[in-house]
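Inside the fold
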Amino acid sequence: MSVVLVILACVPFFARFEYKNNKAEEIVLIAIMAALTSVSRIPFAALPSGIQPVSFLVMVTAYVFGAETGFMTGAIAAIVSNIFLGQGAWTPWQMFAWGFVGFISGILRKTPLMKNRILRMFMGFLFGFIFGMIMDSWTVLSMGANFSFSAFIFYSQTSFIFNLMHAVSNVFFITVFFSPFVKILERIKKKYGLLE
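It should be emphasised that the depicted structure is a prediction, and the values quoted were computed from it without experimental measurement.

1. Focus on the environment of M135
Relative to the assigned elements, M135 resides in helix α7 (residues 117-141). A sequence separation of 12 residues divides M135 from M123, and the C-alpha atoms of the two residues are 18 Å apart. Not counting residues up to four positions away in its chain, the partners in contact with M135 are W90, W93 and Q94.

2. Regarding the nonpolar core
Counting residues in each nonpolar core, the largest one holds 38 residues, and the members touching the most others are F56, M59, V60 and F178. Where this core is concerned, the elements lending two or more residues are α1 (2-19), α2 (24-41), α3 (54-65), α4 (67-85), α5 (91-107), α7 and α9 (160-192). Ranked by residues supplied to this core, first place goes to α3 with 9 residues. In contact with F56, other than residues within four places in its own chain, are N170, F173, I174, F177, F178 and F181.

3. Concerning the confidence of the model for the protein chain
Taken as a whole, the protein chain shows an average pLDDT of 87; of its residues, 95% reach a score of 70 or greater. When pLDDT is averaged over each helix and strand of the protein chain, the minimum, 71, is found for α1 and the maximum, 96, for α3.

4. Section: a nonpolar patch on the surface
Residues V4, I7, L8 and V11 make up a contiguous nonpolar surface patch of roughly 330 Å² in combined accessible area. With respect to the element layout, V11 can be found in helix α1.

5. Some thoughts on α3
Taking 1.5 Å per residue as the helical rise, α3 with its 12 residues ought to reach 16 Å, and the 16 Å between its terminal C-alpha atoms agrees with that figure. α3 sits mainly inside the fold: 12 of its 12 residues count as buried. Listed in full, the buried residues belonging to α3 are V54, S55, F56, L57, V58, M59, V60, T61, A62, Y63, V64 and F65. Here the buried face of α3 lies against α2, α4, α5, α6 (112-115), α7 and α9. In the segment just after α3, G66 is the residue with positive phi, at about 105 degrees.

6. Considering the packing of aromatic side chains
Counting across every chain of the model gives 14 aromatic pairs. Taking 5.4 Å as the distance between ring centres and 70 degrees as the angle between the ring planes, the aromatic pair formed by F172 and F173 counts as edge-to-face. The partly exposed category is assigned to F172, whose relative accessible area is 46%. Here F173 falls in the buried class, since its relative accessible area comes to 9%. Taken together, the aromatic side chains of F44, F56, Y63, F172, F173, F177, F178 and F181 make up a single cluster linked through ring pairs.

Quick notes on the rules
- The numbering scheme is per chain: residues are counted from 1 as the chain's sequence reads.
- Note on the predicted model: pLDDT of at least 70 is required for a residue's local features to be given, and 80 or more for side-chain atom pairs to be given and counted; whole-chain, interface and lining totals, by contrast, use all residues.
- The side-chain figures draw on all heavy atoms in the structure; neither hydrogens nor water molecules are used.
- To qualify as a helix, a DSSP run of H or I must reach at least 4 residues; to qualify as a strand, a run of E must reach at least 2; elements of each kind are numbered from the N terminus.
- Residues are treated as being in contact if the distance between any of their heavy atoms lies within 4.5 Å.
- In this text, buried Ala, Val, Leu, Ile, Met, Phe, Trp, Tyr and Cys residues form a nonpolar core when linked through side-chain atoms within 4.5 Å.
- Exposure categories follow from relative accessible area, calculated using a 1.4 Å probe and restricted to protein chains: below 20% of the type maximum is buried, above 50% is exposed, and the middle band is partly exposed.
- Values of pLDDT, ranging from 0 to 100, describe the predictor's confidence in every residue of the model.
- Residues enter a patch when their relative accessible area is above 30% and they make no salt bridge; the linking distance is 9 Å between like charges and 5 Å between nonpolar side chains (Val, Leu, Ile, Met, Phe, Trp, Tyr).
- Using a 1.4 Å probe, the Shrake-Rupley method yields the accessible areas, and only the shown protein chains count as cover for residues.
- Any carboxyl oxygen of Asp or Glu that lies within 4 Å of a side-chain nitrogen of Lys or Arg is treated as forming a salt bridge with it.
- A helix is expected to span 1.5 Å multiplied by its residue count minus one.
- Planes of paired rings set the category: under 30 degrees apart is stacked, over 60 is edge-to-face and the rest tilted, where pairs are Phe, Tyr or Trp rings (Trp by its six-membered ring) whose centres lie within 6.5 Å.

Next comes the structure, spelled out in structure tokens:
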């Protein structure tokens, strides 16, 4: 039931995108960003699960192109990368979690939280733990009848180090790569008039 509810939470975003009058170039751009984000996850698969650049790439995409594009990039990246890393009932939760990161980043893109370098790093750090909380919720809900708040606290404690690594890796990627990525994507956006 929880998987169904998470899928239903994603449906409005996909439906809006489907019926929106997007240019072919905009669809290609989203596909490229989702593919880049998906592929970026694979080389890091051998490292602890929190160390990967997916959240960073979703954030930077949303920063330049907006909340809807951020959500689509995050959600598609989760399902595509799991073709290589393993699909399961957790996939819709990852789609929602990374979509959420993109959506919130897009909503906040013109605020100091995303414009200011230090606050942007803080947001990246925070997103590492928000993503972890969503996935911890999936873990506990997958237990069925054994669901309890104490179980959620237990799994949150056991996953803390992975969530911390995710948060710290977000800060690293934002610090080193955010500005170069924004310059490249802004140039593409301006040159082709995409997703204005």
